[in-house]
Amino acid sequence: MTPISRADGIDVRPIAESEFADWLRAVSTGFLRAAPVTDEEVEGRRERFLEGRYLGAFDRGRCVATFRSFGQELTAVGGASVPADAVSGVTVTATHRRRGLLSRMMARDLAAAKERGDVVATLIAAEYPIYGRYGFGPATWTAEWTVDVPRAGLDARWAGPADGGRVDLVEGEDVRKLGPELHERLRRGRPGAIDRSEFWWRAQTGALPWDTTWKPPFYAVYRSASGEVEGMAVYEVDDNWGDAKQPLNTATVRWLIGVTPAAERALWEYVCSVDWVVKVKSGYRAPDDLLPHFLPDPRAARITSLADWLWVRVLDVARALEARTYEGTGALVLEVAGVDGLTGGRYRLEASPEGASCTPTTESAELSLGLGELGALWLGDESAVRLAALGRVREERAGAARKADALLRTSRRPWCPDMF
């Protein structure tokens, strides 16, 4: 196989703010968006511009590849937040593929993230095969259910939660006021969840005047019997009527969060109770979401999408493994193979419910693995035993994979509710 060579004559560098419009147009081209980028959109998005975090590849003055990163807070197992380098806006124009442009941009960004002290890097992969070679591994998965409402067995006379709480429709302005605190409560208790910026809340509630594609949804808030906001759902409904003038509408949930099972149940029951709605699409949920089991007939909810979601690249092995909590007690020596000289080595992890330490060691390794596999294991979703069966980790001592699972796996699967 011919190695990917450097792109001679193509300059890869941070863009200047004056080049932001050209960079956005290259992003639009890379994601196959035919609509032009308007001056209003350029100015609206400019507020997120961070000098040094937007990279571009330029061929004779034209931007032909894009890459950006930004600071992110990622929830580790146990609720601690770790600083992450969130990677997004990655494109290479079709005329400039296979020239190593992504590799050059990725190497530059990860080196800067390591120097800043970020513990991990994260991304949502558009295509599965791309990012493993840079040390990323799929750390969370996502599922989407479609609910056949008439089959679900819910009470057709449902008029509100039975627990004394209530569901109210609100406006986007209310979501911007109530949502951030509610989401922070969810994020602190859910490994894999990320922070949401003020820009995110405005984008989700139609407060970006330049976004001409915005379609207003419905917003529903669940309040407990004590009046506390514990859940929120955002959904839209199509307009579909059958030949016999019967309603056949589908409600599509954009996002739904609840900090208690009661809040989740009430919001799902509410969406399924909306008149004329015969089908509900859940939006992206955790693979072990409670939704099907809130229904008297769980078979009424069928999985229509199941895929990897948040990918994690560990930048600091010791800090990453010390940041999370452990339900059991034990020690494990890991040999972590680096891919770029930034991360790797042999570490001894000593963990217990009281805390963990992870230090470099010269002891014999018990389990050997790559950075991508460590990223997949870190949030507790993947199984080292399964990866060993696939040949992606190697036991240097019999039983090491099972020991790793006893330490690293979690009782609930991690979940990242957001795209970025």
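Worth saying up front: this structure is predicted, and the values here are computed from it rather than measured.

A. Highlighting the pairing of strand E18 (residues 367-370). Of the two faces of E18, the one holding Leu-367 and Leu-369 and the one holding Ser-368 and Gly-370 are both buried throughout. Sheet analysis places strand E15 (residues 330-337) next to E18, joined by four bridges and oriented parallel. When the bridges of E18 are listed, Ala-337 appears paired with Gly-370. By the bridge criterion, three bridges tie E18 to strand E19 (residues 393-395) in an arrangement that is antiparallel. When the sheet's bridge partners are listed, Leu-367 is paired in E19 with Glu-395.

B. Spatial organisation of the packing of aromatic side chains. Overall, the coordinates contain 16 aromatic pairs when judged by the stated rule. The interplanar angle of 70 degrees and the centroid separation of 6.0 Å between the aromatic rings of Tyr-235 and Tyr-270 together place this pair among those described as edge-to-face. Of this pair, Tyr-235 sits in strand E10 (residues 229-237) while Tyr-270 sits in helix H6 (residues 261-273), placing them 35 residues apart in sequence. Both residues of the pair, Tyr-235 and Tyr-270, belong to the buried class.

C. How the structure looks around the side chain of Ser-368. Inspection of the secondary structure assignment puts Ser-368 in strand E18. Looking at Ser-368, its side chain comes within polar contact range of the side chain of Glu-396, at 2.7 Å. Leaving out residues up to four positions away in the same chain, Ser-368 has contacts with Glu-335, Val-393, Arg-394 and Glu-396.

D. Focus on the pairing of strand E14 (residues 310-314). The element E14 is extensively covered by neighbouring structure, given that five of its five residues are classed as buried. Across the two faces of E14 the burial is the same, with Leu-310, Val-312 and Val-314 and Trp-311 and Arg-313 all buried. Bridging between strand E6 (residues 137-138) and E14 involves two bridges; their strand directions are antiparallel. In the strand pairing of E14, Pro-138 is matched with Trp-311.

E. Expanded view of unusual backbone geometry. In this structure, Leu-32 is a non-glycine residue whose phi angle is positive, near 60 degrees. Within the secondary structure, Leu-32 sits in the loop between helix H1 (20-30) and helix H2 (39-45). Overall, Leu-32 belongs to the exposed group, its relative accessible area being 77%.

F. Quick look at the side chain of Asp-289. Within the secondary structure, Asp-289 sits in the loop between strand E12 (277-281) and helix H7 (291-294). Polar contacts involving the side chain of Asp-289 include one to the side chain of Arg-285, which spans 3.2 Å.

Each value, and the rule that gives it
- Residues numbered from 1 in each chain as written.
- Predicted model: local features only at pLDDT ≥ 70, side-chain atom pairs only at ≥ 80, totals over all residues.
- Heavy atoms only, no water.
- Buried < 20%, exposed > 50% of the residue type's maximum accessible area, 1.4 Å probe, protein only.
- Helix = DSSP H or I, 4+ residues; strand = E, 2+ residues; numbered from the N terminus.
- Pairing = 2+ DSSP bridges.
- Phe/Tyr/Trp six-rings, centres within 6.5 Å; stacked < 30°, edge-to-face > 60°.
- Polar contact = N/O pair within 3.5 Å; in protein donor to acceptor, adjacent residues only side chain to side chain.
- Contact = heavy atoms within 4.5 Å.

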